[in-house]
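Fold and geometry: a report
So the chains spell out like this:
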Amino acid sequence: MRNLRRFVVTPSLPPRLERLRELAYNLWWSWNHDAEDLFLRLDSDLWVDMHRNPVALLGAIDQNLLEAAAQNDAYLAHLDDVSADLQRYLSDGGWFARAHRGSGAQLAYFSAEFGLTECIPTYSGGLGVLAGDHLKSASDLGLPLVAVGLAYSEGYFRQQLNDDGWQTERYPVADFTTLPMRLVTKGGTPLVFVEYPGRTVAAQIWRVDVGRVPLYLLDTNVEQNELKDRAITARLYGGDDDMRIRQEMMLGIGGMRALGALGIDPAVCHMNEGHSAFLALERARQRAMSDSIPFSIAAQACSAGSVFTTHTPVPAGHDMFHQDLVEYMMGPYLERLGLDPAELLALGRLDPGDKVSPLSMTVLAIRLSDRYNAVSELHGRVARKMWQKIWPEVHESEVPIRSITNGVHTPSWISREIAALYDRYLGPRWSEEPSTAELWQRVEDIPDAELWRVHERQRQRLVIGVRRLLRAQAERRGAPPGEIAESDEALDPDALTLGFARRFATYKRAVLILRDVERLARILGNKDRPVQVLFAGKAHPRDEAGKELIREIVHATRLPSLKGRVVFLEDYDIGLGRLLVGGVDVWLNTPRRPLEASGTSGMKAAANGALQLSVLDGWWSEAWQPGVGWAIGRGEEWADSEYGDQVEANALYDLLEKEVVPAFYERDLDGVPRSWIACVKRSVRSIVPAFNTNRMVKDYAESLYLPAFERHTQMKAETYRGAMGLFAWKERVRAAWPAVQVAEVRERDGTEVAIGGSLGVEAVVQLGGLQPSDIVVETFTGKLDGRSDLGEPDAIQMALEEDLGGGRFRYAGQIRCRATGAHAYTVRVVPYHPALSHKLEVGLVRWA
């Protein structure tokens, strides 16, 4: 219908309740139980129906209930207290202001998805939830950070299973005016415009307040756009490559322009995965235009203030765009930059000389940043191997991708009952300082019986919630009355309960536990020691193999031997995840190592007192220790995946039969499983203070953000003198590098050295047109591994001894010998400049 003129109807609040509106529009309520209780008290059933959406609740609630609350002195006192708490929170400078006073850093965090609360449909799974938790901890810590994403009107999708257990997808359209987000206006017109082939696409900006952190979401669903462009921000990870590149142009290019329109000039930009890599181009373009400098100098300065995080070891998880599509979609924009499409393509290829391969957004993000990280220690090793070709002359162990292990925003995921228990025995600081290990030692002060009773109540609440969800699933599917009635009897509130909930990708092996159904049925069906398993998760709409896994599980739930003890819950989201991690006894995780970059759901379960039963992959590879949970295998990586699956399935069954089930059901006279509770306490003490986003964001701030800010400041100083000097030096080094050689290497005292002694080494290097100040010469040494390679090599700088003339120089050094056995070394030359972010930034190495 044409010529429709829009208007918005807002809730009418009694004046005394007006502060509810402010609370509703700041997601601080989502990790503060007292604040959430204000909305629950108004109408608890409506709160659930509105998917914990306070704005929708205030708009739908019976006006009489609001008027009654405005006359209730107890409710008003509650509102006054919570409002005062929010004001104190917003005005407090936080850890960053105290620890790094006067740094002046403005940070911007870009992500394709943000999982903040279930009512805002801007996430699909772990990447988005991690991004949401990052913002919440950045707020708690007081980082000067803003975030940028896209406002997806249809979200990811809503999952529903048909009679055969096959996943179908629904895409309900969100009304942003009823969500806790506000439109940023400037004369009623969109603030962002991005060039696409033959047209300019406009976007409006929505603001979501995440405590002290503003999140800006771009929305192309505006009337002046064509229908195909209004769909750019319709679906998260929807559409083909053409749609994906249009979305990523809007996120990166449009996101930087949105910040400019808002008067925000970040010194450091953090790209959470490669989806936003185009921001680096736009940032350099803006800098070149505003400061009248060449694009190359602007790019050098901006890369100094760019951080990139890679999240997946799975090649399919990295966006790749073919040359024709890049040239077509990016052509008008690149023309404005004065950049040839071939130059952009070279930046996004592992081998810049390759003229055929598609553009990798991950490679582009790495090449346009100075600091990069993986998300667990194991993932760091995998990522260094995966992306080593970007630095082809660099030894794999030195690829400059560090590890910052993921965490979770602890207050967002802990149940009310456990939070009250922690308040009582740990004190209120646990939620404000979750990375303070000393606080978590107080878990030992919680009486075993009290901790157990609280956990039993959580499991019972979980079972009640699951039965309600199963009934709703059956009713939506039009199931017979008998099947609907069976939902009310599903599960046992006293049985050992395992949870498995995550994205249904094949490498996560959701059906590993179903490999031997007869053996599993014997474990689950023991009348004296019953066990039950809860599954939840979505497959990508185009992942047929992932959908088949869901179907297999649904069919298993109907087997007489498993019925009522294995269930699959539809439409996994943050709300269902919170219910599961708050009530299960054991969190199950069975990825094929090393394909799980980190994973965080197990961390959430651990904070609620659940124990881990997991393959040693991702975060569990570094968290596991005896007595805090169970490891499936010992970190093997199987060349024959079928054989590996069989071995690890058997190991899983063995653990359940011999360790997990007996420990859970071994009770004292009071009915308390003392050894189980001891394991729970050890798990909480060791896992929660280490694997939380407060610790993680502090790591990002101190090891990546602040060094990037300092280097970016240096590059910009004195009208970009630092960037110009470094750029010119790199050009000179690259031109002279073909002439650099290690001409001679010899040992001064033979090749047999007693332990504790030193091997003297000297080398003659030919530097051509370079000077010793342009390079460092190093011995690269270590113990030989089984492949005749250096296992854990060390680079030891050699000292300049003599100028031999003709561009030849003699260097000497000592290799200390601290272990017996076969060792080896070589010599190399590496470019050096004091302004480099790391010594391998240029990527040039000359080996002997």
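Preceding this paragraph is the structure being described.
Below is a short write-up of the structure. Numbering of residues begins from 1 in every chain and follows the order in which that chain's sequence is written. Where local features are concerned, this predicted model is filtered to residues with pLDDT of at least 70; where side-chain atom pairs are given and counted, the filter is 80 or more; whole-chain, interface and lining totals use all residues. In computing side-chain properties, one takes all heavy atoms of the structure into account and sets aside hydrogens as well as water.

**Concerning the sheet that holds strand E22 (residues 758–766)**
Note on pairing: two strands pair once DSSP finds at least 2 bridges between them. Strands are runs of DSSP state E lasting at least two residues, helices are runs of H or I lasting at least four, and both sets are numbered from the N terminus onward. Across the sheet, four strands lie side by side as E21-E22-E26-E25; this open sheet has antiparallel pairing. Looking at strand neighbours, the two that pair on one side only are strand E21 (741–747) and strand E25 (799–805), the edges of this open sheet. On average, adjacent strands in this sheet sit at an angle of 25° to one another, irrespective of strand direction. When E21 meets E22, the two strands line up antiparallel, connected through six bridges. Bridge pairing links Val-745 to Ala-763 in E22. Orientation is described by axes fitted as lines to C-alpha atoms, over the contacting stretch for helices, and by angles from 0 to 180 degrees between their N-to-C directions.

**As for the environment of Arg-732**
By the secondary structure assignment, Arg-732 is in helix H30 (residues 693–736). Residue classification places Arg-732 among the partly exposed residues on the basis of a relative accessible area of 40%. Distance from Arg-732 to Gly-769, taken between C-alpha atoms, is 9.0 Å for residues 37 residues apart in sequence. Sequence-distant contacts of Arg-732, defined by excluding residues within four places in its chain, comprise Leu-770 and Asp-774. Residues adjacent in sequence count toward polar contacts only when both atoms are side-chain atoms; beyond that, a polar contact is any pair of N or O atoms within 3.5 Å, and within protein one must be able to donate a hydrogen and the other to accept it. At 3.0 Å, the side chain of Arg-732 and the side chain of Asp-774 are in polar contact. The cut-offs for exposure are 20% and 50% of the maximum accessible area for each residue type, with area from a 1.4 Å probe on protein chains only; residues under the lower value are buried, those over the upper are exposed, and the others partly exposed. Contacts: residue pairs with any heavy atoms within 4.5 Å of one another.

**Side note on the sheet that holds strand E15 (residues 496–501)**
In spatial order, the strands read E17-E16-E15-E18-E19-E20; together these six strands make up an open sheet with parallel pairing. Whereas interior strands pair on both sides, the edge strands pair on one side only; in this sheet they are strand E17 (566–569) and strand E20 (629–632). The average undirected angle you get between the axes of adjacent strands in this sheet is 20°. Of the strand pairs in this sheet, strand E18 (residues 586–589) and strand E19 (residues 611–615) are connected by four bridges, and their pairing is parallel.

**Quick word on the packing of aromatic side chains**
Stacked, tilted and edge-to-face pairs are distinguished by plane angle, under 30 degrees for stacked and over 60 for edge-to-face with tilted covering the rest, among Phe, Tyr and Trp rings (Trp via its six-membered ring) whose centres lie within 6.5 Å. In total, this model carries 27 aromatic pairs according to the counting rule given. Among the aromatic residues, those joined into a cluster by ring pairs are Trp-452, Trp-630, Phe-664, Tyr-665 and Trp-676. Counting as a charge over the ring demands two things of the Lys NZ or Arg CZ atom: a distance within 6 Å of the ring centre and an angle within 35 degrees of the ring normal. The cationic tip of Arg-235 hangs over the ring face of Tyr-171; the distance from NZ or CZ to the ring centre is 3.5 Å. Above the face of the Phe-157 ring, Lys-538 is positioned so that its terminal group lies 4.9 Å from the ring centre.

**Thoughts on unusual backbone geometry**
The linkage connecting Arg-593 with the following residue, Pro-594, adopts the cis geometry, with an omega of 5°. Structurally, Pro-594 can be placed in the loop between E18 and helix H26 (601–607). Its identity is not glycine, yet Tyr-720 carries a phi of approximately 65°, on the positive side. For Tyr-720, a relative accessible area of 3% puts it in the buried group.

**Describing a negative patch on the surface**
A cluster of acidic side chains, namely Asp-324, Glu-327, Asp-340 and Glu-343, defines a negative patch on the protein surface. Mapped onto the fold, Asp-324 is located in helix H13 (residues 323–337). Patch building starts from residues that exceed 30% relative accessible area and form no salt bridge, then joins like charges within 9 Å and nonpolar side chains (Val, Leu, Ile, Met, Phe, Trp, Tyr) within 5 Å. Residue-level accessible areas treat just the shown protein chains as cover; the underlying method is Shrake-Rupley with a 1.4 Å probe. Salt bridge criterion: a side-chain nitrogen from Lys or Arg within 4 Å of a carboxyl oxygen from Asp or Glu. Lys and Arg are tallied as positive, Asp and Glu as negative. Neither His nor the chain termini are counted. Where a charge sits is defined by one atom per residue type, namely NZ (Lys), CZ (Arg), CG (Asp) or CD (Glu).

**So, the packing of helix H23 (residues 517–524) against helix H28 (residues 641–665)**
Close contact between H23 and H28 brings their axes to 11 Å; oriented N to C, the two are set at 15°. One element, H23, and the other, H28, form an angle in the roughly parallel class. Taken as a pair, H23 and H28 cross one another with a handedness that is left-handed. In this structure, H23 uses Arg-519, Leu-520 and Ile-523 to contact H28, whose residues at the interface are Asn-650, Tyr-653, Asp-654, Leu-656, Glu-657 and Val-661. Small angles under 35 degrees read as roughly parallel and large ones over 145 as roughly antiparallel, with 65 to 115 read as roughly perpendicular and the rest as oblique. The sense of a crossing depends on the near helix, which, turned anticlockwise from the far helix by less than a right angle, makes the crossing left-handed and, turned clockwise, makes it right-handed.

**As for the pattern of salt bridges**
Across all of its chains, the model carries 67 salt bridges by this definition. As a salt-bridge pair, Asp-448 and Lys-681 come within 2.7 Å of each other at their nearest N and O atoms. Of this pair, Asp-448 sits in helix H21 (residues 448–477) while Lys-681 sits in helix H29 (residues 674–687), and the two are 233 residues apart along the sequence. With relative accessibility at 4%, the residue Lys-681 sits in the buried group. A salt bridge links Arg-476 to Glu-570, with the nearest nitrogen and oxygen atoms 2.9 Å apart. One end of the pair, Arg-476, is in helix H21; the other, Glu-570, is in the loop between E17 and helix H25 (574–581), with 94 residues separating them in the sequence.

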